[in-house]
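Per-entry structural report
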Amino acid sequence: MAVKKISPLGGIDISVEAIASVAGSAAIECYGVVGLSAKNLDDDSNEAILGKKNFEQGIICEREKKGGYSISIYIVVASETKITEVIVEVQKKVKYVLEKTFGIKFKNVNVYVQGIKEL
């Protein structure tokens, strides 16, 4: 699914991979985030931390019925951090970076903790 943006100069299609790359980069910069994890719990790759080339496996982008977009991010956090504070920081930063980069309204940023890793 590509995200469509209409501007006065024409239409723009933004790929899910581009959104995943920007969102994943913003998320891993947050304090307490070790990395992104695969969204499928049945998959064996959920134990591994995803590399930059695989960020789309840990991010879901969906169009909302009332306009705007929703994004879900699956992360692994460091032990001995306050998980709630890490989640709030990831939500704020990812939403800000995505809206500033693409100029598209993101209504929801859902963060799911897939694991806790000791550093």
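Below, the structure is looked at part by part. (Residues numbered from 1 in each chain as written. Predicted model: local features only at pLDDT ≥ 70, side-chain atom pairs only at ≥ 80, totals over all residues. Heavy atoms only, no water.)

Observations concerning the overall build of the protein
As a reminder, the rule being used: Each helix corresponds to a stretch of at least 4 residues labelled H or I by DSSP, and each strand to a stretch of at least 2 residues labelled E; elements are numbered beginning at the N terminus. Whether a residue is buried, partly exposed or exposed follows from its accessible area with a 1.4 Å probe, protein chains only, as a fraction of its type maximum: under 20%, in between, or over 50%, in that order. Contacts were defined at the residue level, with two residues in contact if any of their heavy atoms lie within 4.5 Å. Where accessible areas are quoted, they stem from the Shrake-Rupley method and a 1.4 Å probe; at the residue level, only the protein chains shown are allowed to cover. When charges are counted, neither His nor the chain ends are considered; positive counts come from Lys and Arg and negative counts from Asp and Glu. Working definition for charges: the position is that of NZ of Lys, CZ of Arg, CG of Asp or CD of Glu.
Along its length, the protein carries two helices and six strands. Listing every helix and strand of the protein by position from the N terminus yields β-β-α-β-β-β-α-β. By its C-alpha atoms, the protein is 50 × 30 × 25 Å across when sized along the principal axes. Evaluated residue by residue, the protein yields a buried proportion of 36% over its 119 residues. Across the protein, every contact between residues at least 6 apart in sequence was considered, and the portion connecting residues at least 24 apart equals 64%. About 7,200 Å² of surface is accessible on the protein, with carbon and sulfur atoms providing 50% of the total. Between the centroid of the 16 positive side chains of the protein and the centroid of its 15 negative side chains there is a distance of 11 Å.

Regarding the packing of aromatic side chains
Two descriptors summarise a pair of aromatic rings, namely the distance from one centre to the other and the angle between the planes of the rings. So the rule is basically this: Paired rings are identified among Phe, Tyr and Trp, the last through its six-membered ring, by centres lying within 6.5 Å, and are further divided according to the angle between planes into stacked (under 30 degrees), edge-to-face (over 60) and tilted (the rest).
Enumeration over the complete set of coordinates arrives at two aromatic pairs. Centre to centre, the rings of Tyr69 and Phe106 are 6.2 Å apart; their planes meet at 45°, and the pair counts as tilted. Remark: Phe106 occurs in strand β6 (residues 106–117) and Tyr69 occurs in strand β5 (residues 69–78); sequence separation between them is 37 residues. Residues Tyr74 and Tyr112 carry aromatic rings whose centres are separated by 4.9 Å and whose planes lie at 20° to one another, so their mutual orientation is stacked. Note that Tyr74 is positioned in strand β5 and Tyr112 in strand β6, a separation of 38 residues in sequence. Given a relative accessible area of 37%, Tyr112 falls into the partly exposed group.

Quick look at the pairing of strand β1 (residues 3–7)
Operational definition: Between any two strands, pairing holds if DSSP finds at least two bridges.
Note that β1 and strand β2 (residues 10–14) share five bridges and pair antiparallel. Note that in β2 the partner of Lys5 across the bridge is Ile12. The antiparallel hairpin formed by β1 and β2 contains two residues in its connecting segment.

As for the nonpolar core
Test applied: Joining through side-chain atoms within 4.5 Å is the link that ties buried Ala, Val, Leu, Ile, Met, Phe, Trp, Tyr and Cys residues into a set, and such a set is a nonpolar core.
In this structure, Ile71, Ile73, Ile75, Val90 and Val94 are the most contacted members of the largest nonpolar core, which totals 29 residues. Considering each element in turn, this core owes the most residues, six residues, to helix α2 (residues 83–102). Residues within four places of Ile75 in sequence aside, it is in contact with Val33, Gly35, Leu36, Ser37, Val86, Val90, Val111, Tyr112, Val113, Gln114 and Gly115.

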